[in-house]
Amino acid sequence: GAGVSQSPSNKVTEKGKDVELRCDPISGHTALYWYRQSLGQGLEFLIYFQGNSAPDKSGLPSDRFSAERTGGSVSTLTIQRTQQEDSAVYLCASSLGLRGRRFNEQFFGPGTRLTVL
Amino acid sequence: AQSVAQPEDQVNVAEGNPLTVKCTYSVSGNPYLFWYVQYPNRGLQFLLKYITGDNLVKGSYGFEAEFNKSQTSFHLKKPSALVSDSALYFCAVRGGLYNQGGKLIFGQGTELSVKP
């Protein structure tokens, strides 16, 4: 079956512009995660969705970052007034979510490489 | 707070030799541990996980990992390395409270290079 897909694969933008990154999770996966991968910071958690709600937003680095999920499926990560330090690969992952006491692994998309000039 | 450490930035192995990629963790409570692999310009691929049960966990592509509670380690192993195993390997632990969805906390990654 189809895996997690992300678009665009690459995005180059100018400092101060807004960008939107899209994630299509695996069908039926109720949990969705955004992570950021950069040379200096490694892999960092940004936000977690269960269905359309986001019970854990603790990783969002500033109020310029926001995300939403609609229909329990597609998610969009928005970065407003981009800065050069926002340059990174943004990874989306989905999982079946928490079922009883069994923890399900997360499946990752290929990422969106964001470059802020 | 939960954390993961991968003490080696790079591991070099000859093809056919056994490989080990090290990982140690720090958690409160029972650890849920994972290994992922990342090939160039690709997302992360799940290799294996330890939730409970046998300390030796078998995963994809012939990899296995040994959970050692007393040493708080979860080293990744493979009996015979292949050149195609060359990639970036990440150890991760489930972070946060149970009802916070299980975000992953990653180590800094270990670059594995397997030479013919």
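Here the structure is shown first, and the text comes after it.
Rules used throughout
Residues numbered from 1 in each chain as written. Chains lettered and ligands numbered in written order. Predicted model: local features only at pLDDT ≥ 70, side-chain atom pairs only at ≥ 80, totals over all residues. Heavy atoms only, no water. Pairing = 2+ DSSP bridges. Helix = DSSP H or I, 4+ residues; strand = E, 2+ residues; numbered from the N terminus. Axes fitted to C-alpha atoms, helices over the stretch in contact; angles between N-to-C directions. Phe/Tyr/Trp six-rings, centres within 6.5 Å; stacked < 30°, edge-to-face > 60°. Buried < 20%, exposed > 50% of the residue type's maximum accessible area, 1.4 Å probe, protein only. Contact = heavy atoms within 4.5 Å. Buried area = accessible area lost by both parts, 1.4 Å probe. Salt bridge = Lys/Arg side-chain N within 4 Å of Asp/Glu carboxyl O. Polar contact = N/O pair within 3.5 Å; in protein donor to acceptor, adjacent residues only side chain to side chain. Nonpolar A, V, L, I, M, F, W, Y, C, P; charged D, E, K, R; others polar. Disulfide = S-S within 2.5 Å. Core = buried A, V, L, I, M, F, W, Y, C linked by side-chain atoms within 4.5 Å.

1. Re the sheet that holds strand S3 (residues 19-24) of chain A
Residue and element names in this part refer to chain A. Here 4 strands make up an open sheet; going across it, the order is S1-S3-S8-S7 and the pairing antiparallel. Either end of the sheet is taken by a strand with one partner, and the two such strands are strand S1 (5-7) and strand S7 (65-69). For this sheet, the mean inter-axis angle between neighbouring strands, taken without regard to orientation, is 15°. In the sheet, S7 pairs with strand S8 (residues 75-79) via 5 bridges, with the strands oriented antiparallel. Residue pairing for S8: Glu68 is matched across the bridge by Thr76.

2. Here we look at the packing of aromatic side chains
To describe a pair of aromatic rings, one takes the distance between the centres and the angle between the planes. Tallied over the entire structure, the rule returns 14 aromatic pairs over all chains. Aromatic pair A:Tyr35 and A:Phe108: ring centres 5.5 Å apart, planes at 40°, arrangement tilted. Of this pair, A:Tyr35 sits in strand S4 (residues 31-38) while A:Phe108 sits in strand S10 (residues 107-108), and the two are 73 residues apart along the sequence. Ring centres of A:Tyr35 and B:Phe106 lie 5.7 Å apart, and the angle between their planes is 85°; this geometry places the pair in the edge-to-face category. On the criterion of chain membership, the pair formed by A:Tyr35 in strand S4 and B:Phe106 in strand S11 (residues 104-106) is interchain, its members lying in two chains. Using a relative accessible area of 9% as the deciding quantity, one classes B:Phe106 as buried. Among the aromatic side chains, those forming a connected cluster through ring pairs are A:Tyr33, A:Tyr35, A:Phe45, A:Tyr48, A:Phe108, B:Tyr36, B:Phe46, B:Phe90 and B:Phe106.

3. Side note on the interface of chain B and chain A
Tallying the contact residues gives 21 residues for chain B and 21 residues for chain A. Buried area between chain B and chain A, both sides added, is near 1,900 Å², and the carbon and sulfur share of it is 57%. Across the pair A:Glu105 and B:Lys49 runs a salt bridge, and its minimum N-O distance is 2.7 Å. Summed over the shared surface of chain B and chain A, the result is 5 residue pairs in polar contact (both at pLDDT 80 or more). Of all the secondary-structure elements, those providing two or more residues to the side of chain B that touches chain A are strand S5 (33-38), strand S6 (44-50), strand S10 (87-94) and S11 of chain B. The residue makeup of the side of chain B that touches chain A, split by class, is 11 nonpolar, 6 polar and 4 charged.

4. A short note on the pattern of salt bridges
In total, this model carries 8 salt bridges over all chains according to the counting rule given. The partner of A:Asp86 in a salt bridge is A:Arg64, with the nearest N and O atoms 2.8 Å apart. With a gap of 22 residues between them, A:Asp86 in the loop between S8 and strand S9 (88-95) and A:Arg64 in the loop between strand S6 (53-56) and S7 connect regions that are remote in the sequence. Judged on exposure class, the residue A:Asp86 and its partner A:Arg64 are both buried. Between B:Lys77 and B:Glu66 there is a salt bridge, with the nearest N and O atoms lying 3.4 Å from each other. Taken as a pair, B:Lys77 in strand S9 (residues 73-78) and B:Glu66 in strand S8 (residues 64-68) lie far apart in primary sequence, 11 residues in all.

5. Regarding the state of the cysteines
As enumerated under the stated definition, the model contains 2 disulfides over all chains in all. Paired by a disulfide, A:Cys23 and A:Cys92 hold their sulfur atoms 1.8 Å apart. One quick way to see it: the torsion about the S-S bond of A:Cys23 and A:Cys92 is about -65°, and its sign makes the bridge left-handed. Taken together, the positions of A:Cys23 in strand S3 and A:Cys92 in strand S9 put the pair 69 residues apart, joining distant regions of the chain. Looking at A:Cys92, the relative accessible area reads 0%, which means it is buried. Note on cysteine connectivity: B:Cys23 is disulfide-linked to B:Cys91, with sulfurs 2.0 Å apart. A torsion of -65° about the S-S bond marks the disulfide between B:Cys23 and B:Cys91 as left-handed.

6. Some remarks on the side chain of B:Lys78
With respect to the element layout, B:Lys78 can be found in strand S9. Sequence-distant contacts of B:Lys78, defined by excluding residues within four places in its chain, comprise B:Pro18, B:Leu19, B:Tyr61, B:Gly62, B:Phe63 and B:Asp85.

7. Observations regarding the nonpolar core
All names here are of chain B. Within the largest apolar cluster, 27 residues are counted, with the highest numbers of intra-cluster contacts made by Trp35, Leu47, Leu48, Phe74, Leu76 and Tyr89. Mapped onto this core, the elements with two or more residues apiece are strand S2 (10-14), strand S3 (19-21), S5, S6, S8, S9, S10 and strand S12 (110-115). In terms of residue count, the dominant contributor to this core is S10 (4 residues). Not counting residues within four places of it along the chain, the set of residues in contact with Phe74 comprises Cys23, Leu33, Phe34, Trp35, Leu48, Lys49, Tyr50, Ala65, Glu66, Phe67 and Cys91.

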